[in-house]
Amino acid sequence: MAVSSFVIAVDGPAASGKGTIATRLGAMFGLPVLDTGLLYRAVGVLTERAGADLDDPDAAGAIAGMLSAEQLDDPALRTRAAGELASRVAIHHKVREALLEFQHVFAAQPDGAVLDGRDIGTVICPEAPAKLYVTATPEVRAERRWKQLKGQGEDVAYADVLADIRKRDARDGGRDAAPMVRAPDAELLDTTEMTIEQAADAARRIVEAARARWKASQEAD
Ligand code: CDP
């Protein structure tokens, strides 16, 4: 059966370029974009602000259940600390379940949508007609993230950012709930040696091919 809306799933590890690629794909294909990492960042930050235990699935799950779209605009969600808090609460099944509906509603927009995260092609939208798994070496990702954080005014050493990235890869890939893994039908896009222009161009070609296949399947129905 053909899937009726054109969802583009963009997954991959921290600082792989998936966020920028998702934004570019949204502009190219005229689709709204959801950075699902912001949901987990918001739950992490709000759980900490509430003085609740980040390792308690019930506490973090309750906060996830009350999350609203307006809470995603907070610049505090973009910090290095927020990334770490996000990956701690993201291990809880209760948190992930509470965030499911928000993501499903976003994905169900009539023309389609772009969602970027860790489990979009595997758990959130396994039927997505276009799937990318964006990656790069930890060293290159750490350099990108280090520059980004410096640009935001965060004073942090490259070695510490690299250590964060390795820790987050291990936690996100090793968790029991929706681990970060490439979906078998996701196209691998290794951006290690690519500029952002080259990566966006490669992503566009992958998605154009997927869209042609999806359109053909719609017509065949
Ligand atoms: O920007 P960066 O790739 O560093 O992180 P992010 O996409 O904002 O995600 C922050 C954290 O949220 C990740 O390390 C994951 O633990 C978690 N996350 C997740 O589990 N599932 C998603 N769909 C998105 C993020």
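The preceding data block contains the structure.
Caption draft 1: Expanded view of the side chain of arginine 96. In this structure, arginine 96 sits in helix H5 (residues 93–107). In this structure arginine 96 comes out as buried when scored by relative accessible area, which is 8%.

Caption draft 2: Quick peek at the packing of aromatic side chains. Enumeration over the complete set of coordinates arrives at two aromatic pairs. Relative to tryptophan 214, the ring of phenylalanine 6 has its centre 5.0 Å away and its plane inclined at 45°; by these criteria the two rings are tilted. Residue phenylalanine 6 is located in strand S1 (residues 6–11), and its partner tryptophan 214 is located in helix H9 (residues 196–220); the two are separated by 208 residues in the primary sequence. Here the two residues phenylalanine 6 and tryptophan 214 agree in accessibility, since each one is buried. Aromatic pair tryptophan 146 and tyrosine 158: ring centres 6.3 Å apart, planes at 85°, arrangement edge-to-face. Of this pair, tryptophan 146 sits in helix H7 (residues 138–151) while tyrosine 158 sits in helix H8 (residues 158–174), and the two are twelve residues apart along the sequence. Among the residues examined, tyrosine 158 registers a relative accessible area of 28% and is labelled partly exposed.

Caption draft 3: Seen up close, the site of the ligand. In the vicinity of the ligand, 18 residues are found, and the nearest of them are Lys18, Arg41, Arg145, Arg168 and Asp172. Here an oxygen atom of the ligand and a side-chain polar atom of arginine 41 are 2.5 Å apart. Between an oxygen atom of the ligand and a side-chain N or O atom of arginine 145, the distance comes to 2.6 Å. Compared with its free state, where it exposes 520 Å², the ligand has 96% of that area covered by protein. Mapped by element, the contributors of at least two residues to the shell around the ligand are helix H2 (37–49), helix H4 (80–89) and H8. Broken down by element, the shell around the ligand gets its largest block of residues, three residues, from H2. Of the residues assigned to the shell around the ligand, the class counts are five nonpolar, four polar and nine charged.

Caption draft 4: Highlighting the packing of helix H1 (residues 18–29) against H9. For the pair H1 and H9, interaxial distance at closest approach is 10 Å and the crossing angle is 55°. Taken together, H1 and H9 sit at an angle that is classed as oblique. Taken as a pair, H1 and H9 cross one another with a handedness that is right-handed. Side by side, H1 and H9 meet where Thr20, Ile21, Arg24, Leu25, Met28 and Phe29 of the first sit next to Ile196, Glu197, Ala199, Ala200, Ala203, Arg204, Val207, Glu208 and Arg211 of the second.

Caption draft 5: Focus on the environment of proline 57. With respect to the helices and strands, the residue proline 57 is situated in helix H3 (residues 57–65). A relative accessible area of 33% means that proline 57 is categorised as partly exposed. Residues within four places of proline 57 in sequence aside, it is in contact with His92 and Lys94.

Conventions used here
- Residues numbered from 1 in each chain as written.
- Predicted model: local features only at pLDDT ≥ 70, side-chain atom pairs only at ≥ 80, totals over all residues.
- Heavy atoms only, no water.
- Helix = DSSP H or I, 4+ residues; strand = E, 2+ residues; numbered from the N terminus.
- Buried < 20%, exposed > 50% of the residue type's maximum accessible area, 1.4 Å probe, protein only.
- Phe/Tyr/Trp six-rings, centres within 6.5 Å; stacked < 30°, edge-to-face > 60°.
- Near = heavy atom within 4 Å.
- Polar contact = N/O pair within 3.5 Å; in protein donor to acceptor, adjacent residues only side chain to side chain.
- Areas by Shrake-Rupley, 256 points an atom, 1.4 Å probe, with all protein chains shown as cover.
- Nonpolar A, V, L, I, M, F, W, Y, C, P; charged D, E, K, R; others polar.
- Axes fitted to C-alpha atoms, helices over the stretch in contact; angles between N-to-C directions.
- Parallel < 35°, antiparallel > 145°, perpendicular 65-115°, else oblique.
- Left-handed = near helix turned anticlockwise from the far one by under 90°.
- Contact = heavy atoms within 4.5 Å.

Keep in mind these numbers describe shape, not what the thing actually does.
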